[in-house]
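Chain residues, written in single-letter form:
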Amino acid sequence: MKHLRQIILDTETTGFYYDRDDRLIEFAGLEMIDRRLTGQYLHLYVHPERDIPEEAAKVHGITLEKLEGMPKFAEVGRQIADFISGAELVIHNAPFDVGFLNAEFRRAGLPPVEDLTAGVVDTLVMARAMYPGQKNSLDALCARLEVDRSKRVFHGALIDCELLSEVYLGMTRSQFSLADQFAEEESTAAAPVAAVATTERPAHLKIIAADGSETAAHEAYLDELDKKAEGGSVWRKAP
């Protein structure tokens, strides 16, 4: 069975415009495999080779003085690319972070995120679909899902990754619990059991056919299981 490797990712930058002269100054990624944090992570501060506006420093607390002696992106770009390679990225407002990473990768002569990874999950898009018309910032989602954010003073990349991992698990818990339930049932069904021979159905047993709503619910369960099972669920295969 193929294991799902994900990287919960966040960055901090000198400003909002990766297509102008703003630069990445902090990178953080937490590794998650099969919805469990592994303890493996990558956290880097990067010298931007330019100034950091005061309004940006007020948000993330990073000044140019704090980055003196830190590596330039060209020195750590390959390390970041190798860390995210082959994984699915989980990012809140993904176009922002992916835009900055791709701009930095391009300067360093490295492939873009789209070529390095297995895809990107944008939790902001997920939240807008789940909670339409409500605030869906990371802070708002933490409050809604009862995620403790007391350690968050500045919008640092590493602490934001930790919060986002809990938010993501909270938003997807019901989706995955259904698939996990049926995966477990498949495993149980595949285990050898003692055969019970019978030649006829006891007269006292009554057959009750599933109604339309029950059949629809069953099909929905199988759809979720198909997404998790390689080659499709055995329940849909002809005997």
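Keep in mind the model is a prediction, meaning the values are calculated, not measured.

Draft legend 1. Examining the overall build of the protein chain more closely. Looking only at helices and strands, one finds eight helices and five strands in the protein chain. Across the protein chain, helices and strands are ordered from the amino to the carboxyl terminus as β-β-β-α-α-β-α-α-β-α-α-α-α. Evaluated residue by residue, the protein chain yields a buried proportion of 41% over its 239 residues. In the protein chain, 66% of the contacts between residues at least 6 apart in sequence involve partners at least 24 apart. As presented, the protein chain carries roughly 14,400 Å² of accessible surface, and 54% of it is formed by carbon and sulfur atoms.

Draft legend 2. Focus on unusual backbone geometry. Residue Asp34 is not a glycine yet carries a positive backbone phi of 50 degrees. With respect to the helices, strands and loops of the structure, Asp34 is situated in the loop between strand S2 (24-33) and strand S3 (36-45). Non-glycine residue Asn93 carries a positive phi angle of around 65 degrees. Considering the arrangement of structural elements, one finds Asn93 in the loop between strand S4 (88-91) and helix H3 (94-107).

Draft legend 3. Summary view of the UniProt feature "binding site: a divalent metal cation" (unreviewed entry) in the protein chain. Per the UniProt record, "binding site: a divalent metal cation" (unreviewed entry) is found at Asp10, Glu12 and Asp160. A compact arrangement is adopted by the annotated residues: their sequence extent is 151 residues, whereas the largest C-alpha distance between any two is 10.2 Å. Judged by its relative accessible area of 14%, Asp10 is buried. Ignoring anything within four residues of it in the chain, the contact list for Asp10 reads Glu26, Phe27, Ala28, Asp97, Gly156, Ala157, Asp160 and Cys161.

Draft legend 4. Broad picture of the pairing of S3. Of the strand pairs in this sheet, S2 and S3 are connected by seven bridges, and their pairing is antiparallel. Along S3, the bridge assignment pairs Gly29 with Leu42. The turn linking S2 back onto S3 is made up of two residues, and Asp34 within it adopts a positive phi angle of 50 degrees.

Draft legend 5. Inspection of the pattern of salt bridges at higher detail. Taken as a whole and assessed by the stated rule, the structure comprises 10 salt bridges. Note that Arg50 is salt-bridged to Asp21, the shortest N-O span being 3.4 Å. Placement of Arg50 in the loop between S3 and helix H1 (54-60) and of Asp21 in the loop between strand S1 (5-13) and S2 is noted, with a sequence separation of 29 residues between them. Among the residues examined, Arg50 registers a relative accessible area of 18% and is labelled buried. A salt bridge links Arg78 to Asp82; its shortest N-O distance comes to 3.4 Å. Taken together, the positions of Arg78 and Asp82, both in helix H2 (residues 73-84) and four residues apart, correspond to about one turn of that helix.

Draft legend 6. Spatial organisation of the sheet that holds S4. Read across the open sheet, the five strands follow the order S3-S2-S1-S4-S5; overall the sheet is mixed. With partners counted over all chains shown, the strands left at the sheet margins are S3 and strand S5 (119-122), one partner each. When strand polarity is set aside, the average angle formed by the axes of neighbouring strands in this sheet is 25 degrees. Seen against the sheet, H3 touches S1, S2, S4 and S5 and runs at an angle of roughly 80 degrees to S1.

What counts, and where the lines are drawn
- Residues numbered from 1 in each chain as written.
- Predicted model: local features only at pLDDT ≥ 70, side-chain atom pairs only at ≥ 80, totals over all residues.
- Heavy atoms only, no water.
- Helix = DSSP H or I, 4+ residues; strand = E, 2+ residues; numbered from the N terminus.
- Buried < 20%, exposed > 50% of the residue type's maximum accessible area, 1.4 Å probe, protein only.
- Contact = heavy atoms within 4.5 Å.
- Areas by Shrake-Rupley, 256 points an atom, 1.4 Å probe, with all protein chains shown as cover.
- UniProt positions renumbered as here; feature names shortened; annotations may be inferred.
- Pairing = 2+ DSSP bridges.
- Salt bridge = Lys/Arg side-chain N within 4 Å of Asp/Glu carboxyl O.
- Axes fitted to C-alpha atoms, helices over the stretch in contact; angles between N-to-C directions.

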